[in-house]
Amino acid sequence: MRLTEQGRLVIFASGPEEARPRVAALFDALGQHTIWVGAVGAGSRLRLVSNTLVVFAAEAVATSVALAGRLGLATEMVLDALGVVR
């Protein structure tokens with residue numbers, strides 16, 4: 001299920017201040033929270049930063065699981081211990 005369907009999407013909004021009232025209701029309907037970040041393009045830049053964090057976090061989990069496998073630990077147990085699976 002997508003984050004929008006769950007109402008958990010965080011929207012990074014940017015653009016002219018005068019446009020904010022016209023799009024606020026739409027953003028509120030689509031997401032859980034809207035972060036207004038400034039001038040045009042700032043939202044995209046913040047998304048790039050956010051996605052970079054997600055990629056590095058996924059890489060860290062994958063590396064930890066690979067190490068655990070080499071150490072003879074069960075993958076499910078490791079993911080549970082790391083809080084990845086609940």
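Above this text sits the structure in question.
Not measured: the values here are computed from a predicted model.

What follows concerns the overall build of the protein chain. The number of helices and strands found in the protein chain is 4 helices and 2 strands. Taken from the N to the C terminus, the helices and strands of the protein chain come in the order α-β-α-β-α-α. Across the protein chain, the fraction of contacts at a sequence separation of at least 24, relative to all contacts at a separation of at least 6, is 39%. Working note: accessible area of the protein chain is about 6,600 Å², and carbon and sulfur atoms make up 62% of it.

Let us now look at the packing of aromatic side chains. Here the structure, examined in full by the defined rule, presents 1 aromatic pair. Taken together, a centroid distance of 5.7 Å and an interplanar angle of 45° make the contact between F27 and W36 tilted.

Tallying each qualifying case throughout the model produces 1 salt bridge. With a closest N to O distance of 3.8 Å, R20 and E17 form a salt bridge.

Turning our eyes to something else, we now look at the pairing of strand β1 (residues 10-13). A one-sided burial pattern is seen for β1, the buried positions being I11 and A13 and the unburied ones V10 and F12. Of the strand pairs in this sheet, β1 and strand β2 (residues 33-36) are connected by 4 bridges, and their pairing is parallel. Paired with V10 across the two strands is H33, which belongs to β2. The parallel pair β1 and β2 is bridged by helix α2 (residues 20-30), and the resulting crossover is right-handed.

The next subject is a nonpolar patch on the surface. A surface patch of nonpolar side chains, amounting to about 400 Å² of accessible area, comprises L67, L71, L73 and M77. Take L67: it is sitting in helix α3 (residues 42-70). The class for L67 is exposed, based on a relative accessible area of 51%.

Here we take up α3. Between the first and last C-alpha of α3 there are 42 Å, a value that for 29 residues agrees with the 42 Å anticipated at 1.5 Å per step. Those residues of α3 that fall on the buried side of the exposure criterion are A42, G43 and A68. In this structure, the buried residues of α3 make contact with β1 and α4 (75-81). Where α3 terminates, the next one or two residues include G72, which has phi positive at roughly 85°.

Conventions adopted
- Residues numbered from 1 in each chain as written.
- Predicted model: local features only at pLDDT ≥ 70, side-chain atom pairs only at ≥ 80, totals over all residues.
- Heavy atoms only, no water.
- Helix = DSSP H or I, 4+ residues; strand = E, 2+ residues; numbered from the N terminus.
- Contact = heavy atoms within 4.5 Å.
- Areas by Shrake-Rupley, 256 points an atom, 1.4 Å probe, with all protein chains shown as cover.
- Phe/Tyr/Trp six-rings, centres within 6.5 Å; stacked < 30°, edge-to-face > 60°.
- Salt bridge = Lys/Arg side-chain N within 4 Å of Asp/Glu carboxyl O.
- Buried < 20%, exposed > 50% of the residue type's maximum accessible area, 1.4 Å probe, protein only.
- Pairing = 2+ DSSP bridges.
- Right-handed = clockwise from strand over helix to strand, strands pointing away.
- Patch = residues over 30% accessible without salt bridge, like charges linked within 9 Å, V, L, I, M, F, W, Y side chains within 5 Å.
- Expected span 1.5 Å × (residues − 1).

Read these as geometric descriptors, not functional statements.
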